[in-house]
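# A closer look at the structure
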Amino acid sequence: MATITYEAATRFYPGSERPAVDGLEISIEDGEFLVLVGPSGCGKSTSLRMLAGLEDVDEGAIRIGDRDVTTLAPGRRDVAMVFQSYALYPHMNVAENMAFALEMAKMPKQERRRRVREAARILDLEPFLDRKPKSLSGGQRQRVAMGRAIVREPQAFLMDEPLSNLDAKLRVSTRSQIAALQKRLGVTTVYVTHDQVEAMTMGDRVAVLNEGVLQQCDSPRALYQRPANAFVAGFIGSPAMNIREFAVHDGHARIGDRDVEVSDELRAALADEGLDRVLLGFRPESVDLVGPSEGFTASVQLVEELGADAYLYCSIAGTDHAGDPDIVTRIDPARPPRVGETVHLRVRAGHEHAFSPVTGERLSS
Amino acid sequence: MLETAPTPPASGEASHSERAAAARRRTRRPRSLGVAALAWTVGLVFFFPVLWMFLTGFKHESEASTTPPTWLFVPTFDQFRAILGRDFLPYFLNSLTASVLSTVLVVVLAVPAAYALSLAPVRRWKDALFFFISTRMMPPVAIILPLYIIANNIGLLDNVTMLSVVYTVMNLPIAVWMIRSFLVELPAEVLEASRVDGASIGTEIRRIILPMIAPGVAATALICFIFAWNEFFFAVSLTSTKAATVPVFLTGFITAEGLFLAQLSAASMMAALPVILAGWVAQKWLVRGLSLGAVK
Ligand SMILES: Nc1ncnc2c1ncn2[C@@H]1O[C@H](COP(=O)(O)OP(=O)(O)OP(=O)(O)O)[C@@H](O)[C@H]1O
Ligand SMILES: [Mg+2]
């Protein structure tokens, strides 16, 4: 078990101008569960593969504990990887699959057998030890891949979307099993996913990547409550945060047909930056239905009832684009307004997030 | 030729699967009948010469080349006896040595070569790959003279070792290409997993790659064996008495005094035997090997 440090790690794939991972800086604590999340192609897998030694580090360095592993061969880094395809050895049975790395490490047979049996017990794989991967279900294969990692008792687990080949229900149960197992074993883990729900529920901390650049690395709650920029704000949370650009005059933001006063703090921040427009973000649950004299006016385009919750998709009055709804709000599912109805909405005070329309960076504290 | 006998279904499902199969047969009958007839016709046309050779091998020389052909005759082993009497065995052993030795060498050399041209590509691997196959574009006659002189100078004329080396060189390009095509089909993550698990290149090839491409290697080996076994031109040019192979032996029956058709047929049959045997042994692997990409 060890800490893991990315020090400005950068990866250029041959033939591409733009780095796939650009100056990644993360320090992962001993025993921490870190999730790398981001949209497809943002460099998550590349970051993980650099740590595993499967991809060159073109600039910067990577450390595991106090060892600089930047140029070390994968087999000498003492990390175990769980692949998206599981990558089981098709010609070996489950026990052989799990014991392979131990054999490579020249571990005595007795100890090998003990560890495999122990892992099989933890993962409910005991009945399958003699089976080939071909004759296992997807969930069982996934557990073998996990078993292959845990028998090694490595410095770190690296997992690249290990749940993406499972069906939705199994994914949810396996998700919590992996998180619990990791806590119990206390092995530092880097986990890649594109699913932000997975990221939020599993990670001690979550690192959000976009286009090869680290956007923010923080606890799930901090990420949700205080996104560092408009990208993180829009990426974390489902349904996504409402983010719209508004003009600001005399301390009032023009929202549809109403002027809404902005906080003094934001006014000061805007003045500092010399901006007369602002990107305002507010989560669906931070918007309240209010009486006709308050808030701003919107018309309902769609009502989505999920049982425990209901969501209103509305367009703000006074905006001309009729297509996409401008704003999503969570409402009491008991009395949902009807489609076409006009409603009045107000963002709960202090629950708005302001970002610079130029840089996308957070303005208010 | 291939084992197609279905395993008997478990008792409970028997009626089910039988009924399903019957239903399929019924709906497909008219078209499949035509296809089957065509397949049988083509098969028989191709098989007939082999059958004729087989029959002729058991005839007396006088019945072998009559017009019209003799269909009914009393089989005899005279021809086989005559061939063994003519010292067939040394030729056979020469062929076996050259074919087996060259095939083993080819596989041992082709696997690492193919690895370096696919999974861990060396610089300019495309050029190397093209160079390999380009050696096969040259007709053998073009190199026989230098080859003869070299063999003569190093004292390996009429020597099975020389023949083995020539066959290795001859088959290596094909083997590299074939094995390479199996390697590029391998799932990359499995190989990466073995690297993360601490396997060295050698271990990776022996413990992970070879078992996964074993059917392909078997298919490659069989093809190389057949090519070497049937090779005639180099054999007749580079050997005379000590190292001559079976194909050379066979031409001995085509003499100025006439064709000994019955004896030639018998000898051909014996010559074909090892290849048929090898094919039969490798059959199970072959089918998978030749369709490795499709199955996966
Ligand atoms: N072998 C490669 N050669 C060249 N470019 C590559 C290679 N692998 C990935 N890339 C590029 O690098 C970028 C990051 O890829 P990466 O696989 O890390 O994305 P990812 O975040 O894992 O995406 P996903 O969620 O789709 O798996 C992408 O733009 C991709 O096109
Ligand atoms: Mg990926």
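Structural notes, computed from the coordinates. Note that the coordinates shown come from a computational prediction; the quantities given were computed from them, not determined experimentally.

### Section: helix α9 (residues 264–273) of chain A
Residues and elements named next belong to chain A. Residues of α9 that are buried include every one of Leu-266, Ala-269 and Leu-270, and no others. Buried residues in α9, looked at end-on, bunch into an arc of 100°, giving them a common side. Facing away from the buried side of α9 by more than 90 degrees, the exposed set consists of Asp-264, Ala-271 and Asp-272. Packing partners of the buried residues in α9 comprise β11 (242–249), β14 (277–282) and β20 (352–355). Just beyond α9, the residue with positive phi is Gly-274, at close to 70°.

### Observations concerning the interface of chain A and chain B
The interface of chain A with chain B comprises 22 residues on the first partner and 15 residues on the second. Carbon and sulfur atoms supply 62% of the area that chain A and chain B bury against each other, a total of about 1600 Å² over both sides. Put simply, chain A and chain B have three salt bridges between them. We note a salt bridge from Arg-207 of chain B to Glu-103 of chain A, for which the minimum N-O separation is 2.7 Å.

### Considerations on the packing of aromatic side chains
Summed over the entire model, instances satisfying the criterion amount to 17 aromatic pairs over all chains. Ring centres of Phe-88 of chain B and Phe-92 of chain B lie 5.7 Å apart, and the angle between their planes is 50°; this geometry places the pair in the tilted category. Here the residue Phe-88 of chain B and the residue Phe-92 of chain B both occupy positions in helix α4 (residues 88–116), the gap between them amounting to four residues, near one helical turn. With respect to class, Phe-88 of chain B is no different from Phe-92 of chain B; both count as buried. Where Tyr-91 of chain B meets Phe-249 of chain B, the ring centres are 4.9 Å apart and the plane angle is 45°; that geometry is what we call tilted. Highlighted residues: Tyr-91 of chain B in helix α4 and Phe-249 of chain B in helix α11 (residues 246–251), separated in sequence by 158 residues. Among the residues examined, Tyr-91 of chain B registers a relative accessible area of 23% and is labelled partly exposed. Three or more aromatic residues link up through ring pairs in this structure, and these residues are Phe-88, Tyr-91, Phe-92, Phe-225, Trp-229 and Phe-249 of chain B. Here the guanidinium or amino end of Arg-148 of chain A rests over the ring plane of Tyr-89 of chain A, the centre of that ring lying 4.6 Å away. Taking NZ or CZ as reference, Lys-59 of chain B lies 4.1 Å from the ring centre of Trp-52 of chain B, over its face.

Parameters and conventions
Residues numbered from 1 in each chain as written. Chains lettered and ligands numbered in written order. Predicted model: local features only at pLDDT ≥ 70, side-chain atom pairs only at ≥ 80, totals over all residues. Heavy atoms only, no water. Buried < 20%, exposed > 50% of the residue type's maximum accessible area, 1.4 Å probe, protein only. Helix = DSSP H or I, 4+ residues; strand = E, 2+ residues; numbered from the N terminus. Arc of directions from axis to C-beta. Contact = heavy atoms within 4.5 Å. Buried area = accessible area lost by both parts, 1.4 Å probe. Salt bridge = Lys/Arg side-chain N within 4 Å of Asp/Glu carboxyl O. Phe/Tyr/Trp six-rings, centres within 6.5 Å; stacked < 30°, edge-to-face > 60°. Lys NZ or Arg CZ within 6 Å of the ring centre and 35° of its normal.

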